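# Summary of the model geometry
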Amino acid sequence: MISQDPRTAEIARRAAGTDMTVDYAAGETEALGMLRDARPDIILIGELDPPGSVARLYRRLQQGWISHHAGLLVLERDISGNTHRVLGDENLDLRLGGHALASGAESPFLPIDRLIARLGAALAQKLAAKGNRFRNAMTDPDTFCLVWEQIPGPGAFETRQELVLDNARRAAASGKVCAVSITDNPGGNPAIATDILCAEIRKAGVEPLVHIAMRDRSRNQAESLLFQLAALAVHNVLVLTGDYPSNLGFTGKSKPVFDLDSVNGLRLVAEMNRGMVREIMRKPVRLAPASFYSGVAFSPFKQMEAEVMGQYYKLQKKIRAGADFAITQVGYDARKMHELPLWLKLQNHSLPVLAGIYVLSHPVARTMNANHIPGCVVTPKLLGEIAAESAGADKGRQARLDRAARMYALARGMGYKGAYISGQGLPFESVEYIVARGNELAADWRKLVPEFDYAQPNGFYLYGRDPRTGLNTEIPARRDQPPARPAIYRVSQAVHSAVFEPKGPLFRPVRKTMERIDRSPFWKRVLHRVERCSKNIMYACKDCGDCALFDAAYLCPVSQCPKDQRNAPCGGSYEGWCEVYPGETECIWVRAYRRLKSEGREGEIAAAIVPPCDWELWQTSSWINYFLGRDHSSKQKGILPPEEKKT
């Protein structure tokens, strides 16, 4: 509230009630100074002198970088000073240099009691328009949220982008869609930047949900993108590791980045929401907090025990890192679908989840069955059914819509917070049909469970089967995957216990030796070469200087994981194989799970969140960095640098 009359602020407080907080500024200068920290949703301007000040301030706020996102209202008093009226965007005619705000069809002047009711309604309307409707729907216990995915393509002026925006306008007009989701270079293929389309989608009147894949971004670029999205008032983000780059980039496959994984991407978003501290002109400055609502992808449809447990261990980290919601990957197994809400219930997590529902055509089903879209599971049984349906007169169109409607009903019955509907070239009429038919079937959703019995060969389930419902009991299933304890793991453990553990017998003498070596450039080079050769032979070391062997059961994520996953597996593995090298290289987290399971320590995968690699340490001795308290492992163990230890 900006006014030279403090009585106007009291009117604003009474109109706002208990749902809104009112900050008061006695003039333009004070108000502009408060804007950065206050970040108001609504700015109400009252009496200001000299004449014309209100008009000039209103225009300045409309054009201001910080203030232009706020809703603007003017509280104007009549000549007698006894009555007021509320002026909004629809009846304000600003004239620079004018002495008043005038309009043709203005609100009448009202006495205080009636004015408070009128102003309260105007504030509520403005607040609703400025609020995050997707977040509101996801946190409303009575709302089943619908999100519709759009897939933009390459090029700046293509019909595919036009179709995305047309679909967004239709979704906004329907009032049925909570958000329109925009994928980020799906399949690792280059496409138009998501932030451009999301800004246009928001203008169309529906909330955008922008995917942020860490595949193509350094942490600096991810941070810059998030600043940009915040400035565009795009608040809903889906933080993803991302598919591995395809070979469709300019002159060939792009170099993958993967500087952050999804867990550390969430930590970045959470830090921005709190207000990041940055050093500007050698002084720490806390940046204005953002208001992101961040989600993650999750796949309950994995086959092997190690893969399934790895996904749940990583979800625990994602929740701790700040995930606000989750979306399931593509799969059609009712028991697997049921496991996630059951697990959340038993873990006492209140994370809202959208059930991923892909309207599956025969060509896409073949592609998913062949594991050409990582993380999506279509079994041979389901593929056979879809092939038979596609032989019909409508090429299986009605059958796939009905299958999606039945999944929608299952999601409602199982306790999902909503549905995330996707599909190539899916028109809005099909989305409306899925929702309408799914709502009709939801009351008898349990009868639909046998239709989604698409178990994978030798597939592992998290819980025991309930023969009565065909779903899951609350009893954990037996975990029979054999452990493994190779010689290199045993040797690494023995060396680690003796040398690298602070309580180990050799820790202190080795630390003192490292301090002396660190002071000698010659001996530091010698040690670095010895370390690099030995660790390269044993672990295929890439000499990152910020070693993560301790975090991945003595397997190097930098050299042995194409996505450099330090916090448990990505969602792309298939039957235990790495997404990038299927049939050739086993996922390192499947191997790590078996190693840790040999000692009953597999749950440690869910323990500490491992930070991203500190590239300042690149090609330096990780041994020196560890013993002298410079890398992430030493910080987690409380190993201080020598100078800090002395003080």
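Residues numbered from 1 in each chain as written. Predicted model: local features only at pLDDT ≥ 70, side-chain atom pairs only at ≥ 80, totals over all residues. Heavy atoms only, no water.

### Digging into the pairing of strand β7 (residues 236-240)
Every other side chain in a regular strand lies on the same face of the sheet, so the side chains alternate between the two faces. With respect to burial, β7 is a largely interior element, 5 of its 5 residues being buried. Neither face of β7 is exposed, since Asn236, Leu238 and Leu240 on one face and Val237 and Val239 on the opposite face are all buried. Taken together, the 5 bridges between strand β6 (residues 207-213) and β7 define a ladder with parallel strand orientation. Residue pairing for β7: Leu209 is matched across the bridge by Asn236. Crossover connection from β6 via helix α8 (residues 219-231) to parallel β7: handedness right-handed. Taken together, the 4 bridges between β7 and strand β10 (residues 293-298) define a ladder with parallel strand orientation. Looking across to β10, one finds that Asn236 is bridged to Tyr293. (Buried < 20%, exposed > 50% of the residue type's maximum accessible area, 1.4 Å probe, protein only. Helix = DSSP H or I, 4+ residues; strand = E, 2+ residues; numbered from the N terminus. Pairing = 2+ DSSP bridges. Right-handed = clockwise from strand over helix to strand, strands pointing away.)

### Some details on the sheet that holds β6
The sheet built from 8 strands closes into a barrel, its strands ordered β4-β5-β6-β7-β10-β11-β12-β13 with parallel pairing. Strand-to-strand twist in this sheet, taken as the mean axis angle between neighbours without regard to direction, amounts to 25°. Along the sheet face, helix α6 (residues 159-174) touches β4 (145-150) and β5 (179-182) and points at about 165° away from the line of β4. Here helix α9 (residues 262-274) sits on the sheet in contact with β7 and β10, set at roughly 150° to β7. (Axes fitted to C-alpha atoms, helices over the stretch in contact; angles between N-to-C directions. Contact = heavy atoms within 4.5 Å.)

### Observations concerning the side chain of Gln493
Topologically, Gln493 is positioned in helix α16 (residues 487-500). Ignoring anything within four residues of it in the chain, the contact list for Gln493 reads Arg485, Tyr554, Glu599 and Arg601.

### A look at helix α11 (residues 334-346)
Taking 1.5 Å as the rise per residue, α11 with 13 residues should run 18 Å; its terminal C-alpha atoms sit 18 Å apart, in good agreement. The buried fraction of α11 amounts to 11 of the 13 residues, a majority that puts the element mostly inside the structure. For α11, the full list of buried residues reads Ala334, Arg335, Lys336, Met337, His338, Glu339, Leu340, Pro341, Leu342, Trp343 and Leu344. Residue Asn348 follows α11 closely and has a positive phi angle near 60°. (Expected span 1.5 Å × (residues − 1).)

### Digging into the packing of aromatic side chains
Note on aromatic pairs: each is described by the distance of the centres and the angle between the planes. For the structure shown, the criterion picks out 19 aromatic pairs. On the numbers, 5.0 Å between centres and 75° between planes, the contact of Phe522 with Trp523 is edge-to-face. On the accessibility criterion, Phe522 (45% relative accessible area) is partly exposed. Members of the aromatic cluster, each reached through a chain of ring pairs, are Tyr489, Phe500, Phe507, Phe550, Tyr554, Tyr626 and Phe627. Across from the ring centre of Tyr461, 3.9 Å away, lies the NZ or CZ of Arg335, which sits over that ring. The ring centre of Tyr461 lies 4.8 Å from the NZ or CZ of Lys336, which sits over that ring. (Phe/Tyr/Trp six-rings, centres within 6.5 Å; stacked < 30°, edge-to-face > 60°. Lys NZ or Arg CZ within 6 Å of the ring centre and 35° of its normal.)

### Some details on the nonpolar core
Formed by 120 residues in total, the largest nonpolar core has its most connected members in Tyr332, Met337, Leu340, Trp343, Leu360 and Ile421. Once residues within four sequence positions are removed from consideration, Ile421 is found in contact with Leu146, Val147, Trp148, Glu149, Ile357, Val359, Tyr408, Leu426, Val431, Ile434 and Val435. Core analysis: the second largest hydrophobic core is formed by 19 residues, Ala16, Val22, Ile42 and Leu44 among them. (Core = buried A, V, L, I, M, F, W, Y, C linked by side-chain atoms within 4.5 Å.)

### Focus on a positive patch on the surface
Judged by side-chain charge, Arg508, Lys512, Arg516 and Arg519 come together as a positively charged surface patch. Mapping Lys512 onto the fold places it in helix α17 (residues 507-518). (Patch = residues over 30% accessible without salt bridge, like charges linked within 9 Å, V, L, I, M, F, W, Y side chains within 5 Å. Areas by Shrake-Rupley, 256 points an atom, 1.4 Å probe, with all protein chains shown as cover. Salt bridge = Lys/Arg side-chain N within 4 Å of Asp/Glu carboxyl O. Lys, Arg positive; Asp, Glu negative; His and termini not counted. Charge placed at Lys NZ, Arg CZ, Asp CG, Glu CD.)

### Focus on the side chain of Asn625
With respect to the element layout, Asn625 can be found in helix α21 (residues 622-627). Every residue in contact with Asn625, bar those within four places of it in the chain, is listed here: Gly545, Leu617, Thr620, Arg630, Asp631 and Ser634.

### Some words on the pattern of salt bridges
Throughout the structure, instances matching the rule amount to 36 salt bridges. Across the salt bridge formed by Arg215 and Asp216, the nearest N and O atoms sit 2.9 Å from each other. Since its relative accessible area comes to 30%, Asp216 is described here as partly exposed. The partner of Glu604 in a salt bridge is Arg601, and the shortest N-O contact between them spans 3.0 Å. Shared partners join several salt bridges into a network, and the residues in it are Asp5, Arg7, Glu47 and Arg77.

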